[in-house]
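Examination of the molecular architecture
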2 protein chains.
Amino acid sequence: MTQTPAQAIDIPTYTTQLAERARAASHKLAVTDGERRAALLLRMADLLVERTPQIIAANQRDIDRAPEFNLTSAMIDRLRLDQSRVEKMALSVRQIAQQKDPVGQIIEGFVRPNGLRIEKTRVPLGVVLFIYESRPNVTSDAAALCINSGNALILRGGKEAFFSNTAIASVIRDTLDEQGFDSAAIQLVETTDRAAVTSLLKQDQYIDVVIPRGGESLIRAVVEQSNIPVIKHYTGNCHVYVDQHAVDLPESMAVDVCVNSKVQRTGVCNAAETFLFHRQATDILRETCRQLASFDVEIRACPTTTQLLSGVLPADKLIPATDEDWATEFLDLIVAIKVVDSIDDAIDHINQYGSRHTDAILTADILAADQFIARVDSADVMVNCSTRFSDGGEYGLGAEIGISTDKLHARGPMGAIDLTTYKWVVRGHGQIRE
Amino acid sequence: MTQTPAQAIDIPTYTTQLAERARAASHKLAVTDGERRAALLLRMADLLVERTPQIIAANQRDIDRAPEFNLTSAMIDRLRLDQSRVEKMALSVRQIAQQKDPVGQIIEGFVRPNGLRIEKTRVPLGVVLFIYESRPNVTSDAAALCINSGNALILRGGKEAFFSNTAIASVIRDTLDEQGFDSAAIQLVETTDRAAVTSLLKQDQYIDVVIPRGGESLIRAVVEQSNIPVIKHYTGNCHVYVDQHAVDLPESMAVDVCVNSKVQRTGVCNAAETFLFHRQATDILRETCRQLASFDVEIRACPTTTQLLSGVLPADKLIPATDEDWATEFLDLIVAIKVVDSIDDAIDHINQYGSRHTDAILTADILAADQFIARVDSADVMVNCSTRFSDGGEYGLGAEIGISTDKLHARGPMGAIDLTTYKWVVRGHGQIRE
């Protein structure tokens, strides 16, 4: 079917059958012992490695078509698969297989005065629709996380990775067949027709949650169209606030954390985009900017910062900040810098311009740290460490399906456990209500 | 402002200011100690009682207008407030004040190998938009639950209770003022113009969650229009399955639970609407129907049931079931009854026609109970007790904001704790990523 041109498919029929089959498969998967699901994943990892040549060949077809989609060289590099990258995919699947099974955990349990025994038990969400524009390895990661958490999965990858994703999905399907699972447990949408997504987003009788990962425009479009609950993964406009008491931190700690938050990796959502310096921490500001300059970082500066840095930085690296800069996720060697008069100004700035993703404070003052933790309205609040630690792997969640900027259900890095919900189980001996 | 006719209000300006003020108030409320929030609620309860005459007078205005809205006598009775009902409202607020403060609870905490100390800490959701078509006491309950959980609240009640809700909201506002809180923490939408709701449902930059309570059409309309995450409270098409091994239960237990699930209160979402009897439990079916007949319950019967009951019931109480009956929440003295060949048929029927609210099994067989618990895809699964126990009060959650039929965030009865999310707090000593 992969070879079938999209227009040959009747979209409403195709997507409805896809969703119905996923729902049926989810009911079976939800009652499968964790042992069997783990074995399935280990076998899937082996088969990914065995099929490396076919996967790389399919990937080459995507690489060849890349110019049609005007992919940048960076995007092409993210798209490209080679033997070591396929091995990394398999390794990630094995790691997820070794994770604790979240299904069936008793979250809480108690006995009521009338003798009813009540348990809040963790169960899979059911059917997950995952819409992504990412590297092909996300396909196997998402499948593994859903198997680990007992969910059926519908995968809708980007058209630029269509053949790669199809090859990986066929490995997954063959493993499901071989191991006696319903292969509808993990299905790839086998058309790049956008109408298929629009149609799937209305199937709220079969699909329990939509997780879109990609640009903000993609996510907004999904939210607009969907009747199904969406867990959003918006941008990370992350801040580092250098408090007046940062000067009391050990030598260079504040500078090192600022630089690491900005330059250790720039194209990721947990990299810092804005630094806020208390006006009594301007020595740290200057030293940070000197080091940033050595990494060719461009600085969008508030007027005070511009004064402080005149002579310190080459003019072409020092640009006056616009109001838009405070709200921008640069994902590049660019940082916006503002000098503030107080921690209150810093917190207000973060709550106004931030994206509630990850924000850090550098301070030696415990009360300042507590105030920042309590009042910054973000998923992840860091004290005296790099924003780059806001990550499922770094939190020990294993692979992550994404980093939620929502407040409902899951917030921040999402692991397999965040793909579960709960069921109230009530056991009695004939109790009735009077 | 209450007296201002709706058309005098500029809706977009009004709703945006309302939402902005709620957001600002939520930031302050979130960092208020629980002690102060509890004291606020106790004072609010006292003031509700003090203002009983004004509340009853306002309620009378709604009662007088009831004919305009074609309210049934049952609806008018639910709308009516008297001294004892106002005292009950105050009592409920006091009970919520005595509940444990969910804000600040550490859900989990651990130290990473690199020394980062990570805590998953419970925090308020922020701003809740509550849209309801219920009794006026829901206004004070919702306000108390949001204060207890540190959330700001925007209340949009039904037009039929407009004056009652306005009087109750003014008590809440005066208490907030008197106790030094920002009165924007709890705001009632002071116009019945539907455009106000449409506008509020787009304010996702200020409002964190929408909780609609009312008819399915209201909830569907909210889901269609909202850019804000919605926690849905759809209907309860609840089932009781009487297993073949129910005959081994103590004398009359199965019959008593079936009858209680149907008739103890009929107009509520956790009342049973369909009974499924294993074909080897037909004696229980007959006795249950004899008792239901004495409560004037109408039976929508499958062909087998019709045969079994011929002669047992008056013809006008025994009507052949249509396919639509299996999917209907009657909320009345009506029950659909089907005889099934196996527990599998019962579970498949529930997963096909049910609303994932509450479903019960009656059996003496532990394996049958376990299978039912594992495979019925509902928020609440009961074994050998009445479906009527699916309730926040019965679960010991205190007052409930509703019973979620969603799978995300909260499932089944929702208490104050379900109006919270969490924040990841990460404390380090200069860690950077290599």
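Residues numbered from 1 in each chain as written. Chains lettered and ligands numbered in written order. Predicted model: local features only at pLDDT ≥ 70, side-chain atom pairs only at ≥ 80, totals over all residues. Heavy atoms only, no water.

Reading across from one edge, 1(A)-2(A)-16(A)-13(B)-12(B)-7(B)-8(B)-11(B)-9(B)-10(B) is the order of the 10 strands in this open sheet, with mixed pairing throughout. Only two strands of the sheet have a single partner each, and these edge strands are strand 1 (106-111) of chain A together with strand 10 (318-320) of chain B. On average, adjacent strands in this sheet sit at an angle of 20° to one another, irrespective of strand direction. Pairing geometry for strand 2 (residues 117-124) of chain A and strand 16 (residues 420-431) of chain A, over eight bridges, is antiparallel. Along strand 16 of chain A, the bridge assignment pairs A:I118 with A:V426. (Pairing = 2+ DSSP bridges. Helix = DSSP H or I, 4+ residues; strand = E, 2+ residues; numbered from the N terminus. Axes fitted to C-alpha atoms, helices over the stretch in contact; angles between N-to-C directions.)

Our next topic: the domain arrangement of chain A. The assigned domain composition of chain A is domain 1 (11-231 + 414-426) and domain 2 (238-389). Relative to domain 2 of chain A, the C-alpha centre of domain 1 of chain A lies at a distance of 36 Å. (Domains from an automatic or database assignment.)

For the pair chain B and chain A, the best superposition has an RMSD of 0.0 Å and corresponds to a rotation of 180° with a translation of 0.0 Å parallel to the axis. Here the copies are linked by what is in effect a two-fold axis. For chain B, the minimum C-alpha distance to the rotation axis belongs to B:H409 and amounts to 1.8 Å. (Least-squares fit on C-alpha atoms with pLDDT ≥ 70 in both.)

The next point concerns the pattern of salt bridges. Side chains carrying opposite charge are able to pair once their charged atoms draw close together. For the coordinates displayed, the defined rule picks out 56 salt bridges over all chains. Here A:R37 makes a salt bridge to A:D101, at a shortest N to O gap of 2.8 Å. In this pair, A:R37 is assigned in helix 2 (residues 34-50) and A:D101 in the loop between helix 5 (83-97) and strand 1, connecting sequence segments 64 residues apart. Residue classification places A:R37 among the buried residues on the basis of a relative accessible area of 4%. Given a relative accessible area of 25%, A:D101 falls into the partly exposed group. Close ionic contact of B:R23 with B:D208 constitutes a salt bridge, the shortest N to O distance being 3.1 Å. One end of the pair, B:R23, is in helix 1 (residues 11-30); the other, B:D208, is in the loop between helix 8 (194-200) and strand 6 (209-213), and 185 residues separate them in sequence. (Salt bridge = Lys/Arg side-chain N within 4 Å of Asp/Glu carboxyl O. Buried < 20%, exposed > 50% of the residue type's maximum accessible area, 1.4 Å probe, protein only.)

Before going further, it helps to spend a moment on the pairing of strand 7 (residues 238-242) of chain A. Two faces make up the sheet, and in a regular strand the side chains alternate between them. Residues and elements named next belong to chain A. For strand 7, a buried count of five out of five residues is recorded, marking the element as mostly surrounded by other parts of the structure. Burial along strand 7 is two-sided: C238, V240 and V242 and H239 and Y241, pointing in opposite directions, are all buried. Here strand 7 pairs with strand 12 (residues 358-362) via four bridges, running parallel. Opposite Y241, over in strand 12, you have I361 as the bridge partner.

Moving on: helix 15 (residues 366-375) of chain B. Buried within helix 15 of chain B we find B:A368, B:A369, B:F372 and B:I373. One face of helix 15 of chain B carries all of its buried residues, which in axial projection span an arc of 135°. Across helix 15 of chain B from its buried face, at more than 90 degrees, point the exposed residues B:I366 and B:L367. Elements in contact with the buried residues of helix 15 of chain B: strand 16 of chain A together with strand 7 (238-242), helix 14 (343-353), strand 12 (358-362) and strand 13 (380-385) of chain B. You can read the cap of helix 15 of chain B off the contacts: a side-chain oxygen lies 3.0 Å from the backbone nitrogen of B:L367, and it is on B:D365. (Arc of directions from axis to C-beta. Contact = heavy atoms within 4.5 Å. Polar contact = N/O pair within 3.5 Å; in protein donor to acceptor, adjacent residues only side chain to side chain.)

Before going further, it helps to examine the interface of chain B and chain A. Each partner contributes residues to the interface: chain B has 75 residues there, and chain A has 75 residues. Buried area between chain B and chain A, summed over both chains or domains, comes out near 6,000 Å², and the portion from carbon and sulfur atoms is 52%. It is B:L408, B:W424 and B:R433 in chain B that bury the most area against chain A; as a group they hold 14% of the surface buried on that side. Taken together, the links from chain B to chain A amount to eight salt bridges. (Buried area = accessible area lost by both parts, 1.4 Å probe.)

Residues and elements named next belong to chain A. Evaluation of the coordinates by the stated rule reveals one cavity of 30 Å³ or more. Computed from the structure, the largest cavity encloses a volume of approximately 60 Å³. Together, L155, R156, G157, G158, K159, F162, N165, L188, V189, T191 and T192 line the largest cavity. Mapped onto the lining of the largest cavity, the elements with two or more residues apiece are strand 4 (152-156) and helix 7 (162-178). Along the lines of polarity and charge, the residues of the lining of the largest cavity split into four nonpolar, five polar and two charged. (1 Å grid on protein atoms, 1.4 Å probe; cavity = no way out; pocket = protein on both sides within 12 Å on 5 of 7 lines; lining within 4 Å. Points joined across faces, edges and corners; volume = space filled by probe spheres on them. Nonpolar A, V, L, I, M, F, W, Y, C, P; charged D, E, K, R; others polar.)

This part is about the packing of helix 2 (residues 34-50) of chain B against helix 6 (residues 137-148) of chain B. Residues and elements named next belong to chain B. For the pair helix 2 and helix 6, interaxial distance at closest approach is 9 Å and the crossing angle is 165°. Relative to helix 6, helix 2 is oriented roughly antiparallel. Pair helix 2 / helix 6 crosses with right-handed handedness. Counted together, R37, L40, L41 and L48 of helix 2 and S140, A144, I147 and N148 of helix 6 form the full contact between these two elements. In terms of residue class, the contact of helix 2 with helix 6 is made up of five nonpolar, two polar and one charged. (Parallel < 35°, antiparallel > 145°, perpendicular 65-115°, else oblique. Left-handed = near helix turned anticlockwise from the far one by under 90°.)

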